Amino acid sequence: MHNGFKIPAAAILAAAAGLTTYSAMAQEAGGITASATTGIGVISDDDGTRARGDLSFSLGSVTRTQGFELGISTGLEYPDADDEFELADPELRFSYRRTGKNAEFEAFASFLRQEIGTLVLDETPDSIELRNDTGYRNDTRLGARLTFGKEAPFGGDFGLGVRRVNYTDLTDDSLNDYVSRDSDLTLRFTVDPRLDLRLTARVEDTESEGTGTDRTTTTFGTGADLRISESLRASLDLNYVEIEESADGGPTSTDSGPTFALAILRDLPNGEARFDLSSILTDDGTRVEVRAGRSHELRLGEFDWSAGLSRGGDGDVDGLLQVGYGRVSRNGSLEAGYQRSVNTSIFGEETLVDQVSVGYSYALSDVTNFQTGLAYRNYDYFTEGSESVRKLELDMSLTRQLTSDIDMVASFSHERSRTGDEDAESENTIYLGVQRALSWRP
């Protein structure tokens with residue numbers, strides 16, 4: 001089985017441009033608007049050379065009281081290892097929103113199929129997923145949320161969600177399918193224009209198949225939002241958490257205790273200053289984090305940073321740091337950042353993550369655009385027996401406009417990964433093709 005190829009950056013940007021176009025048009029004139037990006041080309045990597053097609057389609061409408069969006073994207077490659085057609089990273093998204101004078105309802109559904117070990121910036125994957133380089137992860141999500149009393153002294157929101165993750169084409173049984181269900185309720189009480197009080201409740205239940213872990217987390221709490229002045233705000237939440245966990249069909253263990261979250265924000269002439277102090281309950285006990293940060297709106301872009309400390313239940317202390325810079329100019333854009341954080345998975349496993357990312361886009365001419373991105377991530381798992389994982393990803397693409405709606409795209413990607421002391425694995429991928437973007441009103 002060959003590694004699935006990520007859709008070239010140019011294709012993603014073209015699809016995003018189509019979505020932006022439809023949203024703006026729909027908000028201006030109402031009605032339904034559709035957009036599509038299609039592509040066909042040749043892809044070459046360590047598994048050989050093959051044909052590839054790409055398709056992304058969106059259908060949506062935005063009015064004053066409601067809106068919906070349907071999005072579909074996938075790649076199609078031929079031939080695969082079995083001399084057949086193969087779908088690459090198929091994705092389906094649907095969202096619906098209806099707004100009233102004092103209430104709002106939202107619903108969403110999504111499906112995404114990716115290779116195991118594929119990293120995205122906002123993902124917190126389990127260690128075994130990163131170490132396993134064969135097979136696919138199918139991620140299906142459904143959810144809905146009702147917000148009421150938006151303009152009233154009493155209000156709140158209620159949400160329901162379900163997520164199912166199942167694995168296919170594995171070479172062993174090291175990964176287990178699971179279903180996670182969650183529900184939450186928040187009741188808000190406006191005492192005066194400067195003070196809001198709230199009561200919260202949340203239940204998250206995760207059920208694994210086979211030898212996996214079953215975990216139920218129940219949280220009850222109270223909180224307050226205080227507007228101290230026009231430029232100074234504070235938020236405080238106090239919670240009681242109970243976690244019931246059973247691994248591999250064994251006995252159920254229970255852990256419970258209080259948690260808290262304090263945030264203080266101050267608006268400044270050119271940005272915002274922030275202080276955070278919080279705790280969470282994990283498999284290793286209570287983790288406490290303290291962090292201070294600042295955002296700056298500069299003449300040549302936006303810069304933000306934060307720094308702090310994280311202390312685990314075992315007493316070990318890790319430093320936290322986040323630095324980011326972004327700039328948009330007439331001919332291009334630049335985004336760069338570094339982040340060091342302690343992440344907790346859905347099963348309560350903790351990971352120390354270091355990641356550096358840089359993205360750059362530049363218009364070489366009126367019809368030619370160059371884009372590149374670089375990301376390096378290091379995962380150190382606190383779970384006993386888990387090895388660290390390091391990944392380097394480099395993407396470059398060149399897009400040239402042939403006509404008003406047809407582009408030629410050439411792209412190159414390099415991925416290098418290493419688990420523990422094992423030898424590093426790397427793969428290079430080259431793509432050459434043409435893409436067409438369209439938008440219309442059905």
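Description of the structure in this document.

With respect to the pattern of salt bridges
Under the defined criterion, the tally for this structure stands at 27 salt bridges. Note that Arg93 and Glu91 form a salt bridge whose closest N and O atoms lie 4.0 Å from each other. Taking relative accessible area as the criterion, Glu91 reaches 28% and is therefore assigned partly exposed. A salt bridge links Arg287 to Glu350; the nearest nitrogen and oxygen atoms lie 2.5 Å apart. Residue Arg287 is located in strand β14 (residues 285–298), and its partner Glu350 is located in strand β18 (residues 350–363); the two are separated by 63 residues in the primary sequence. A relative accessible area of 3% places Arg287 in the buried class. When salt bridges that share partners are traced, they join Asp45, Arg50, Arg52, Asp54 and Glu77 into one network.

Side note on unusual backbone geometry
The peptide bond linking Tyr78 to Pro79 adopts the cis configuration, its omega dihedral lying at -5°. Relative to the assigned elements, Pro79 resides in the loop between β3 (66–78) and β4 (86–99). One non-glycine residue with positive phi stands out, namely Asp169, at about 60°. Along the chain, the position of Asp169 falls in the loop between β7 (154–168) and β8 (178–192).

Section: a nonpolar patch on the surface
On the surface, Ile40, Leu402, Met408, Leu432 and Val434 cluster together into a nonpolar patch covering about 440 Å² of accessible area. Inspection of the secondary structure assignment puts Met408 in strand β21 (residues 406–419). On the accessibility criterion, Met408 (35% relative accessible area) is partly exposed.

As for the pairing of strand β19 (residues 368–381)
In this structure, β18 lies alongside β19, joined through 13 bridges in antiparallel fashion. Across the sheet, residue Asp354 finds its bridge partner in β19, namely Asn378. Connecting β18 to the next strand, β19, in antiparallel fashion are 4 residues.

What to know about a negative patch on the surface
Together, Glu387, Asp421, Glu422, Asp423 and Glu425 make up a negatively charged patch on the protein surface. Mapped onto the elements, Glu387 comes out in the loop between β19 and β20 (389–401). Given a relative accessible area of 35%, Glu387 falls into the partly exposed group.

Here's the deal with the side chain of Thr219
Looking at where Thr219 falls in the secondary structure, it is placed in strand β10 (residues 213–227). Residue Thr219 is classed as buried on the basis of its relative accessible area of 18%. Other than its neighbours up to four places away in sequence, Thr219 contacts Thr200, Ala201, Arg202, Asn239, Tyr240 and Val241.

Points about the environment of Leu170
Summarising the element assignment, Leu170 is placed in the loop between β7 and β8. Taking the C-alpha atoms as reference, Leu170 lies 7.4 Å from Tyr136; in sequence the two are 34 residues apart.

A few points about the packing of aromatic side chains
Scanning the entire structure with this criterion turns up 7 aromatic pairs. Seen in terms of ring centroids, Tyr78 and Phe85 are 4.6 Å apart; in terms of plane orientation they differ by 35°. Their pairing is tilted. Between Phe148 and Phe154, the ring centres sit 6.2 Å apart and the planes meet at 55°, which makes this aromatic pair tilted. Classification of Phe154 as partly exposed rests on a relative accessible area of 40%. By the ring-pair criterion, three or more aromatic residues cluster together here, those being Phe148, Phe154 and Phe189. Sitting over the face of the ring of Tyr136, Arg113 holds its NZ or CZ atom 3.9 Å from the ring centroid.

What counts, and where the lines are drawn
Residues numbered from 1 in each chain as written. Predicted model: local features only at pLDDT ≥ 70, side-chain atom pairs only at ≥ 80, totals over all residues. Heavy atoms only, no water. Salt bridge = Lys/Arg side-chain N within 4 Å of Asp/Glu carboxyl O. Buried < 20%, exposed > 50% of the residue type's maximum accessible area, 1.4 Å probe, protein only. Helix = DSSP H or I, 4+ residues; strand = E, 2+ residues; numbered from the N terminus. Patch = residues over 30% accessible without salt bridge, like charges linked within 9 Å, V, L, I, M, F, W, Y side chains within 5 Å. Areas by Shrake-Rupley, 256 points an atom, 1.4 Å probe, with all protein chains shown as cover. Pairing = 2+ DSSP bridges. Lys, Arg positive; Asp, Glu negative; His and termini not counted. Charge placed at Lys NZ, Arg CZ, Asp CG, Glu CD. Contact = heavy atoms within 4.5 Å. Phe/Tyr/Trp six-rings, centres within 6.5 Å; stacked < 30°, edge-to-face > 60°. Lys NZ or Arg CZ within 6 Å of the ring centre and 35° of its normal.

These figures capture arrangement, not role.
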